[in-house]
Amino acid sequence: MIWNMSDHQQTNSGLLARSLAAVWHPCSQMKHYERFPLIPVASGSGVWLYDFAGKRYLDAVSSWWVNLFGHCNPRINAALHQQLETLEHVMLAGFTHEPVVELAERLRELAPSGLGHCFFASDGASATEVVLKMSAHHWLNSGKPDKAQFISLQNSYHGETLGALSVTDVSLFRDAYGAMIRQHATVPCPDWRNAAAGEDAEAYALRCADALERHLQQHHAKLAAFIIEPLVQGAAGMAMYHPAYLLRARKLCTEYNVHLIADEIAVGMGRTGTMFACEQANISPDFLLLSKGITGGYLPLSVVMTRDEIYQSFYADEMARGFLHSHSYTGNPLACRAALATLDIFAQDGVLAANLEKASYLNEISRPLRDHRSIRNWRNTGMIWAFEVDTPHRDFAQRCFAAALEKGLLLRPIGNTVYFMPPYVISTEEMDMLAERTLAIVELLAG
Ligand SMILES: Cc1ncc(COP(=O)(O)O)c(C=O)c1O
């Protein structure tokens, strides 16, 4: 049977049925779609997603934290159209092209100092795979083959391929694959919600850094790197912590000769209020990972930026000392062009300053929400907000998701944690809608 687009793509129910029959959706127990149906999306514009009946949803989670400047942004679209007419793809081994070179040069200018080379991959998890291999391979090339273990923070998330899962501390994603995953240690996470009574966020961060120091003292000889999500641990439920931890971690990693990997896949590209979260601790990591927002939410692209000394340890006559990792679409010109258009918007529109104002506006108008009797731990870093809801509903996340859709909002709670991570183009009127409608949902589901 041949599908005719015009016959079959026009209705919500039609597309939904076809999707369930043919697509295995990610991060899903497919059976749950019997109770909480998929949302067919026909088009997008700005912060809005539209279904086939014209109902619209405010994308308050930036489509899994990737979108920065709205869906179907005219400037990114135009750049992509032009790139399409010039070069769609060429392999990057043995070849090079303008968008990938310009992107590497511009990222080097923007990133914390010393990160002179960019290695490109596709999704976030592939950047994690690259960096774990690159870090251990560097130590091998430097005559320290035993340094091949990693540490991450408790509740860390660095992706779901097997290497990435080995430094991801989320049992729901890991447990089924335990037999295939190498065990690496975790160290206490400086999330300020765990601080003792009377202890502030900074004091707690430093207490956790002491635990990191003890671990490094004992294990540094076998450790390649410490991988960390700077300032905000997204998948842990937007756990936020004081930059003092990063500063101490940087010093300790240098002291104990262990790489510091900053996974800014979710928090980079302005999300925490500065272009890169590491800037808030005034540190430069040994490796910086970027993905998600780097293409403005258009195309899969990830980057591993690294220090020149690390790059140099691979530079030799022997093939085996080189970093032989590759993916077919590494450095895809269209993805790089979308990233360049994204950087142009940052440069031309004063995005970070505008975001500062937007953040203070949303904090202000959210007062009734943050003061609500059933809300705890209201927190905000840059363009990320989160809070916990006291509720009798064990399936709060699904109920909240469904209630939000009813009200034209796309919220995707993590357990009892509701968060906002909107595209940066959100207007004051749209922020009003977000705050008011979320308050109504909390009223509905709170204890
Ligand atoms: C901090 C962090 N690292 C890595 C990843 C994995 O990225 P991807 O989903 O593109 O594989 C994510 C995804 O949410 C993330 O938040």
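Residues numbered from 1 in each chain as written. Predicted model: local features only at pLDDT ≥ 70, side-chain atom pairs only at ≥ 80, totals over all residues. Heavy atoms only, no water.

Participant: Even after reading the chapter, I still don't get the overall build of the protein chain, so can you show me in this structure?
Facilitator: The secondary structure content of the protein chain amounts to 16 helices and 16 strands. For a compact globule of 447 residues, the expected C-alpha radius of gyration is about 22 Å, and the protein chain comes in at 22 Å, within 12% of that figure. Once the C-alpha set of the protein chain is aligned to its principal axes, its extents read approximately 60 × 60 × 45 Å. The burial tally for the protein chain puts 51% of its 447 residues in the buried class. A separation threshold of at least 6 residues defines the contact pool for the protein chain, and within that pool the share at least 24 residues apart is 72%. Entry remark: accessible area of the protein chain is about 20200 Å², with carbon and sulfur atoms responsible for 54%. Across the protein chain, 36 positive and 46 negative side-chain charges occur, with their mean positions spaced 5 Å apart. (Helix = DSSP H or I, 4+ residues; strand = E, 2+ residues; numbered from the N terminus. Rg over C-alpha atoms; globule rule 2.2 N^0.38 Å. Buried < 20%, exposed > 50% of the residue type's maximum accessible area, 1.4 Å probe, protein only. Contact = heavy atoms within 4.5 Å. Areas by Shrake-Rupley, 256 points an atom, 1.4 Å probe, with all protein chains shown as cover. Lys, Arg positive; Asp, Glu negative; His and termini not counted. Charge placed at Lys NZ, Arg CZ, Asp CG, Glu CD.)

Participant: Looking at this structure, I do not really get the site of the ligand. What am I missing?
Facilitator: Near the ligand you find Trp 65, Asp 123, Gly 124, Ala 125, Tyr 157, His 158, Gly 159, Glu 229, Asp 263, Ile 265, Ala 266 and Lys 292, and these make up its full shell. In the model, a nitrogen atom of the ligand is placed 2.7 Å from a nitrogen or oxygen of the Asp 263 side chain. The fraction of the free accessible surface of the ligand (390 Å²) that becomes covered by protein chains is 84%. Its residues assigned to classes, the shell around the ligand comprises five nonpolar, three polar and four charged. (Near = heavy atom within 4 Å. Polar contact = N/O pair within 3.5 Å; in protein donor to acceptor, adjacent residues only side chain to side chain. Nonpolar A, V, L, I, M, F, W, Y, C, P; charged D, E, K, R; others polar.)

Participant: Please explain the packing of aromatic side chains as it appears in this structure.
Facilitator: Any aromatic ring pair is given by two values, namely how distant the centres are and how the planes are angled relative to each other. Counted under the stated rule, the structure contains 11 aromatic pairs. Considering the side-chain rings of Phe 314 and Phe 323, the 5.9 Å spacing of their centres and the 85° angle between planes classify their relative orientation as edge-to-face. For the pair Phe 314 and Phe 323, a shared accessibility class is recorded, and that class is buried. Three or more aromatic residues joined by ring pairs make a cluster, and in this case those are Phe 69, Phe 346 and Tyr 424. (Phe/Tyr/Trp six-rings, centres within 6.5 Å; stacked < 30°, edge-to-face > 60°.)

Participant: Looking at this model, I keep getting lost on the sheet that holds strand β14 (residues 384-389). Mind explaining?
Facilitator: Strands in a sheet are paired, the pairing made by backbone hydrogen bonds, and the direction either parallel or antiparallel. Strands sit in the order β13-β14-β16 across an open sheet of three strands; the sheet is antiparallel. Edge positions in the sheet fall to β13 (375-381) and β16 (417-420), since each of these pairs with one other strand and no more. Neighbour-to-neighbour, the strand axes of the sheet open up by a mean angle of 15°, direction not taken into account. (Pairing = 2+ DSSP bridges. Axes fitted to C-alpha atoms, helices over the stretch in contact; angles between N-to-C directions.)

Participant: Sorry if this is basic, but what is going on with the nonpolar core here?
Facilitator: Soluble globular proteins tend to pack their nonpolar side chains together in the buried interior. In terms of nonpolar packing, the biggest core is built from 104 residues, with Phe 226, Tyr 245 and Leu 411 touching the most fellow members. No other element matches the 10 residues that helix α12 (residues 333-349) contributes to this core. Residues in contact with Phe 226, not counting those within four places in the same chain, are Ile 151, Ser 152, Leu 153, Val 187, Leu 212, Tyr 245, Ala 249, Cys 253, Val 258, His 259, Leu 260 and Ile 261. (Core = buried A, V, L, I, M, F, W, Y, C linked by side-chain atoms within 4.5 Å.)

Participant: So what exactly am I meant to see when it comes to the sheet that holds strand β2 (residues 48-50) here?
Facilitator: Taken in spatial order, the four strands of this open sheet run β1-β2-β3-β15, and their pairing is mixed. Each end of this open sheet is capped by a strand with a single partner; those strands are β1 (43-45) and β15 (409-410). Bridge count for strand β3 (residues 56-59) against β15 is two bridges, and the pairing is parallel. Looking at β15, one finds that Leu 58 is bridged to Leu 409.

Participant: Before we go on, may I ask you to explain the state of the cysteines in this structure?
Facilitator: As used in these notes, a disulfide is a covalent bond between sulfur atoms, one from each of two cysteines. Summed over all chains, the structure comprises zero disulfides. Cysteine Cys 253 remains unbridged, with the sulfur of Cys 278 as its closest cysteine sulfur at 11 Å. Relative accessible area serves as the criterion here: at 1%, Cys 253 is assigned to the buried category. You can call Cys 278 buried: its relative accessible area is 1%. (Disulfide = S-S within 2.5 Å.)

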